[in-house]
Amino acid sequence: MLFRSGDELLIREGTYAVADGTSTADDIFIRGEGEDLVTIVDGGTIYEMLDFSGSVTLSGFTMDGQGGSAWALSVYGDAATIEDVSFIDFSLSSGVFSADADDMILRGCRFEGNYRAIIPFDASSFVIEDSLFLDNERGIADGYYGTMPIELYNNTFVGGLIQVSGASGIDFTIEDNLFVGATYAPIYDSDETGIIDNNLFWDNATSTRTGYVLGTNTIELDPLFVSWSDDGDWTNDDLHLSAGSPALDAGLYGTSTSDLDDVARPVDGDEDGTATSDLGCYEYEPDSSGGDTGDSGDTGIDDSSDSGAGVDSGDSTVGADSGESDADTDTDTDTDTDTDSDTDT
């Protein structure tokens, strides 16, 4: 994929197979029309579906590994902002890998059924917030790579072997998150540096979080999801909070202004007259009668992009006409479902 600095790629509704997603340009913007509308799949035997060595902003699409060995996204330098992107079924690899990145911000994303959801490596800073991690063998798997500060705010982790893992040199800040149903440990680390406070833990295989001392605001109660059972089948669960959840208005540290559903934070969920953010990736909205709103009917998972289900990737590619764009030119580069583009992947 050939980009020049300042290019913007708009991906229209459809399913696209990526054969080579390498770019070295800076200030690249790739925007899809929505996670439920745009799906990018592995287009062949490739190591990395998207690979950036310059700064990049990504939003509004789903990356589906279809159970293959390709990595979804690698960032090798400068800054990256990733918002409203789903990474599913990278069951033999990873969703996001960052190496030597200056600043990484990941917000409002979904990770489902991956071998490793995120592997940070020597990033100057890495902030992850308002995201859902569902049934990944390991969610944040940074225990093997590099030294860096990692901040986790208002995320929901459900299922998987280990939800956050680290090692010596990782400086964690883990606050206002939910950790539920880990089959080995929600947090596993041999080091004791960092801050873990004001998180909720429930139904994990062990109550021991190796290496870490939990803050005094730790909650160990049922989060009262709208619908959830520890049966290994996450497709029939609704991970929004219900009325009476101990996670309602329990936030202390997160600063985000909207949740995974783009509901504004904070909301006075417990109706005590003070609006405070909830724990986890979803903000509870009571209706006028004090009951649950219609938002809680959404499972939070993009089922339309289920691996291989009804997807005919064919020979379609992601293409863009870079035209004459440069770093200070606002381009209108669009991606169509046909392959008659000047720049193909």
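Residue numbers run consecutively from 1 along every chain, following the written order of its sequence. Restriction of local features to residues with pLDDT of at least 70 applies here, the model being predicted, together with a cutoff of 80 or more for giving and counting side-chain atom pairs; totals for whole chains, interfaces and linings are based on all residues. Hydrogens are left out, water is left out, and the side-chain values use all remaining heavy atoms of the structure.

Our focus in this paragraph is the sheet that holds strand β8 (residues 71-75). Two strands pair under a simple rule: DSSP has to find at least two bridges between them. Here a helix means four or more residues in a row that DSSP labels H or I, a strand means two or more in a row labelled E, and each is numbered from the N terminus. As summarised here, the arrangement of the eight strands in space is β3-β6-β8-β10-β13-β16-β19-β22, forming an open sheet in which the pairing is parallel. Single-partner strands in this sheet number two, and they are β3 (22-23) and β22 (185-189).

Omega for the bond connecting arginine 265 with proline 266 falls within 30 degrees of zero, at -5°, which places this linkage in the cis form. Structurally, proline 266 can be placed in the loop between β26 (238-241) and β27 (319-320).

Next up on the list: the packing of aromatic side chains. The aromatic pairing rule takes the rings of Phe, Tyr and Trp, using the six-membered ring of Trp, and pairs them if the centres are within 6.5 Å, calling planes under 30 degrees apart stacked, those over 60 edge-to-face and the rest tilted. Scanning the model with the defined rule gives nine aromatic pairs in all. With a centroid separation of 5.0 Å and 10° between ring planes, the pair formed by phenylalanine 87 and phenylalanine 111 is classed as stacked. Placement of the pair is phenylalanine 87 in strand β9 (residues 79-88) and phenylalanine 111 in strand β12 (residues 110-112), with a sequence separation of 24 residues. Whether a residue is buried, partly exposed or exposed follows from its accessible area with a 1.4 Å probe, protein chains only, as a fraction of its type maximum: under 20%, in between, or over 50%, in that order. Residue phenylalanine 111 is classed as buried on the basis of its relative accessible area of 1%. Considering the side-chain rings of phenylalanine 157 and phenylalanine 179, the 4.9 Å spacing of their centres and the 10° angle between planes classify their relative orientation as stacked. One end of the pair, phenylalanine 157, is in strand β18 (residues 156-158); the other, phenylalanine 179, is in strand β21 (residues 178-180), and 22 residues separate them in sequence. Phenylalanine 179 shares its class with phenylalanine 157; the two are buried. By way of ring pairs, the aromatic residues Phe87, Phe111, Phe133, Phe157, Phe179 and Phe201 are connected into one cluster. Charge-over-ring placement is defined geometrically: NZ (Lys) or CZ (Arg) within 6 Å of the ring centre, and within 35 degrees of the ring normal. The ring of tyrosine 115 carries the charged tip of arginine 116 above its face, separated from the ring centre by 4.0 Å.

Turning to the environment of isoleucine 195, a few remarks are in order. Its location among the elements puts isoleucine 195 in strand β23 (residues 194-197). The partly exposed category is assigned to isoleucine 195, whose relative accessible area is 45%. Between the alpha carbons of isoleucine 195 and aspartate 171 there is a distance of 8.1 Å; along the sequence they are 24 residues apart. In this description, contact between two residues means that some pair of their heavy atoms is separated by no more than 4.5 Å. If sequence neighbours within four positions are ignored, isoleucine 195 has contacts with Phe172, Thr173, Ile174 and Glu175.

What is shown is where atoms sit, not what they do.
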